[in-house]
Amino acid sequence: MKLALKQAKKGLGLTSPNPPVGAVIVSSEGVILAKGYHHRAGANHAEIDAIENCLKKNSVKKLINATIFVTLEPCSTCGKTPACTDSLVQYQFSRVVYGCCDPNPKHRGRAKSLLLNKGIDVTTGVLEYDCALLIRFFTKTITKELPWLIAKSAMTLDGCTTLPNGMGPWITGTEALNDVQVLRSQVDAILIGGNTLRADNPRLTLRGRYAQSDRLQPWRIISTRSGDLPNNSHVFTDQYSDRTLIFHNKSLRQILKSLTKRNIHSVLMESGGKLLANALKNDLVDELILYYAPIIGGGPTQAVQSHSLSRRLKHIQSKRFGDDIRLSGLIHEP
């Protein structure tokens, strides 16, 4: 299943509105025959990708009595592609192992029932949490009708998101800035407030190798109370201006609800302290990612401009990027 998870991660940021899924086929003798993953929405699901990769090098007989490991319960209904359960029966797999169940209540558990009725052994719950974490964007949209919201901020050790005059605009170094590009490449949209647009005139685009791939540029979402936004901002004048959406005088929950209707399953909020405090206060943030620079004595702007709220993070992870440290954790379970 660890190999299947590794395969699934190749699809991060490419499969939306579908979840990333990976699969590994093992022969009845215990030999790995093939690996596969869901490349993009509308393309083969991971199981079919693995089967086709297997058949490129092996006869169809190799699949008889084989085991397939899949990170997510195989689909049991026809959509843009045929049901994967039908193919698993057709190629006479003897065992199916999957990590987490389909979060859609209409489909949850159907694969297990169908496969068992065809005499195929089924094992579930293998590395379940890791598999569920991988599809957290998809799960949140299906179960809550809201996109998964990641709040990201960079700050000094004393919690400031700006530097004193003359120290430049960037708090963190190049390695941390590059890591933000990884985050952007995995989400459907980036959200900021009107104050951030006026102060920083950000581009909110993928850059470097991510801009050169077949990934779509994320939607740029601007939340504004006043509606007073500079027309010459990059998000209104660059080549991706058609992927900029403005929400005037809407609550954050209303904005997120509207984004869900556009098949936007994940949002990275790169806002200032007021919008972040509002999101935390209304329990809309699912995941928090903070970059700390080794600087004491920042500018006047605080990361969270509120003293009346408290949130404890779970499943904390930390990673170093040059002199900076990224701290991340979940507020809500996937």
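Before any of the text, the structure's been laid out above.
Residues numbered from 1 in each chain as written. Predicted model: local features only at pLDDT ≥ 70, side-chain atom pairs only at ≥ 80, totals over all residues. Heavy atoms only, no water.

### Some points on the sheet that holds strand β5 (residues 121-124)
Stated precisely, the cut-off is as follows: Two strands qualify as a pair provided that DSSP identifies no fewer than 2 bridges between them. Secondary structure counts use DSSP, requiring at least four H or I residues in a row for a helix and at least two E residues in a row for a strand, with both numbered from the N terminus. Lines fitted to C-alpha atoms define the axes here, with helix axes fitted over just the stretch in contact, and angles between the N-to-C directions of these axes take values from 0 to 180 degrees. Contacts are assigned to residue pairs with any non-hydrogen atoms lying within 4.5 Å of each other.
The strand order across the open sheet built from 5 strands is β2-β1-β3-β4-β5, with neighbouring strands paired in mixed fashion. Strands with a single pairing partner mark the edges of an open sheet, and in this sheet they are β2 (32-37) and β5. Shown here is a sheet whose adjacent strand axes are inclined to one another by a mean of 15°, direction ignored. With respect to the sheet, helix α2 (residues 46-55) is in contact with β1 (22-26), β2 and β3 (67-72), its orientation differing from that of β2 by roughly 140°. Running at roughly 155° to β5, helix α4 (residues 110-117) makes contact with β4 (95-100) and β5 of the sheet.

### A word on unusual backbone geometry
Residue Pro17 is bonded to the preceding Ser16 through a cis peptide linkage, with omega at 10°. One non-glycine residue, Gln92, lies in the positive phi region at around 60°. Mapped onto the secondary structure, Gln92 falls in the loop between α3 (84-90) and β4. Even without glycine at this site, His315 takes up a positive phi of about 55°. In this fold, His315 is placed in strand β12 (residues 314-321).

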